Every structure is written in C-alpha cells, then in structure tokens.
Amino acid sequence: MKSAEEDPILKCPFCSRPIEEPAEIRTRFGNTFTGGRCECGAVYVYDRSGHNLGDAYVDGLTYACNGDADRAWSLTPDVDYEIVELGYDTRRKRFSDARRKTPTFLFIQIKDLTPKVR
Ligand SMILES: [Zn+2]
C-alpha cells in the first residue's frame, strides 16, 4: 500500500479502492453525518471542522454496525474493529497527516460482523 502522501486520489486505507465523495447520511436516530461506505465494508465519516471527532466516531461506528448502537458499544477497538484517522487537505484535495482542528476522515472497518460467543 502506498502512503497517502504520494497519492492524490482519496482511497480507502483498508482496501485502496477509491472512495466516493462523502454524502449526507441520516442515522436511525434522526441526526445526520457526512460520510459513506466503501465496497469492502469499511465506513468513513468526514468531519469538516476536525473537532467533532467524538461524534464522528460514534456515528461511524453505529453506521458500520448497520445502526445497531448496542452492538457498536459492545465492540472493542483494535480487536473487533480498526479505525484510521486521516487529515484532509482541502486545498490539495488529498489526505495528509491527521492533526487536530483540520478536516478529518475517520475510517472504521469491522473485522467480523458475526455474533461472537465469549
Ligand atoms: Zn475499502
């Protein structure tokens, strides 16, 4: 996988497919966020301001679980899902290193969507 630095196209960090422009998505709870879903199943959330990442995280994770908030909260980071935070350079229209207060993409990929018995 090439680094985001040398590639001007926005690509999913998990599968390297080009992603579509983020769109408004309405959640089951009636609020909206900006993001989308990659063909590989990863979801992404675009936070224009870069300082609502907590909300973006929750929205994205719930969306990744098809709206199942209980399931979203039962998941363990790095075990059940991976999350990648990428800064977005709006002038050059490409990913850059994630920094606070810059537009940010959060990518979340659930590793296994089948129920687990522990
Ligand atoms: Zn993908």
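The shown structure was predicted, so the numbers you read here are calculated from the model rather than taken from an experiment.

About the criteria used
- Residues numbered from 1 in each chain as written.
- Predicted model: local features only at pLDDT ≥ 70, side-chain atom pairs only at ≥ 80, totals over all residues.
- Helix = DSSP H or I, 4+ residues; strand = E, 2+ residues; numbered from the N terminus.
- Contact = placed C-beta atoms within 7 Å.
- Pairing = 2+ DSSP bridges.
- Core = buried A, V, L, I, M, F, W, Y, C linked by C-beta atoms within 7 Å.
- Buried ≥ 20, exposed ≤ 12 C-beta atoms within 10 Å, placed from the backbone.
- Axes fitted to C-alpha atoms, helices over the stretch in contact; angles between N-to-C directions.

(A) Just the overall build of the chain, in detail. Counting its regular elements, the chain contains 2 helices and 6 strands. Along the chain, from the amino end to the carboxyl end, the secondary structure elements read β-β-β-α-α-β-β-β. Sequence-distant contacts in the chain: of pairs separated by 6 or more residues, those separated by 24 or more amount to 47%.

(B) Expanded view of unusual backbone geometry. You will see that Asn 66, though not glycine, has its phi angle at about 55°, which is positive. Along the chain, Asn 66 falls in the loop between helix H1 (53–64) and helix H2 (69–74). Notably, Lys 93 is not glycine yet its phi reads approximately 55°, a positive angle. For Lys 93, the position within the fold is in the loop between strand S4 (81–89) and strand S5 (94–96).

(C) Fine view of the pairing of S4. Of the strand pairs in this sheet, S4 and strand S6 (residues 104–110) are connected by 7 bridges, and their pairing is antiparallel. Each residue of the ladder has a partner; that of Tyr 81, found in S6, is Ile 110. With 3 bridges connecting them, S4 and S5 associate as antiparallel partners. The partner of Asp 89 across the bridge, within S5, is Arg 94.

(D) Region of interest: the nonpolar core. The biggest cluster of nonpolar side chains holds 22 residues, and the ones touching the most others in it are Ala 42, Tyr 44, Ala 64, Leu 106, Phe 107 and Ile 108. For this core, the secondary-structure elements that each account for two or more residues are strand S3 (43–47), H1, S4 and S6. What Tyr 44 contacts, discounting residues up to four positions off in sequence, is Ile 19, Pro 22, Gly 35, Gly 36, Cys 38, Gly 60, Phe 105, Leu 106 and Phe 107.

(E) Summary view of the environment of Val 43. Relative to the elements of secondary structure, Val 43 occurs in strand S3. Residues Val 43 and Phe 107 lie 64 residues apart in sequence; the distance between their C-alpha atoms is 5.7 Å. Contacts of Val 43, omitting those with residues within four sequence positions, involve Gly 35, Arg 37, Gly 60, Tyr 63, Ala 64 and Ile 108.

(F) Representation of the pairing of S6 in the model. Taking burial as the measure, the 7 residues of S6 include 5 buried ones, the bulk of the element. Across 5 bridges, S3 lies against S6 in antiparallel orientation. Looking across to S6, one finds that Tyr 44 is bridged to Phe 107.

(G) Representation of the sheet that holds S6. If you walk across this open sheet you meet the 6 strands as S1-S2-S3-S6-S4-S5, and the pairing is antiparallel. Across the chains shown, the open sheet's two edge strands, defined by having one partner strand only, are strand S1 (23–26) and S5. When strand polarity is set aside, the average angle formed by the axes of neighbouring strands in this sheet is 45°. Sheet topology places S1 next to strand S2 (residues 32–37); 4 bridges connect them, and they run antiparallel. Each bridged residue has a counterpart across the sheet, and for Ala 23 the counterpart in S2 is Gly 35.

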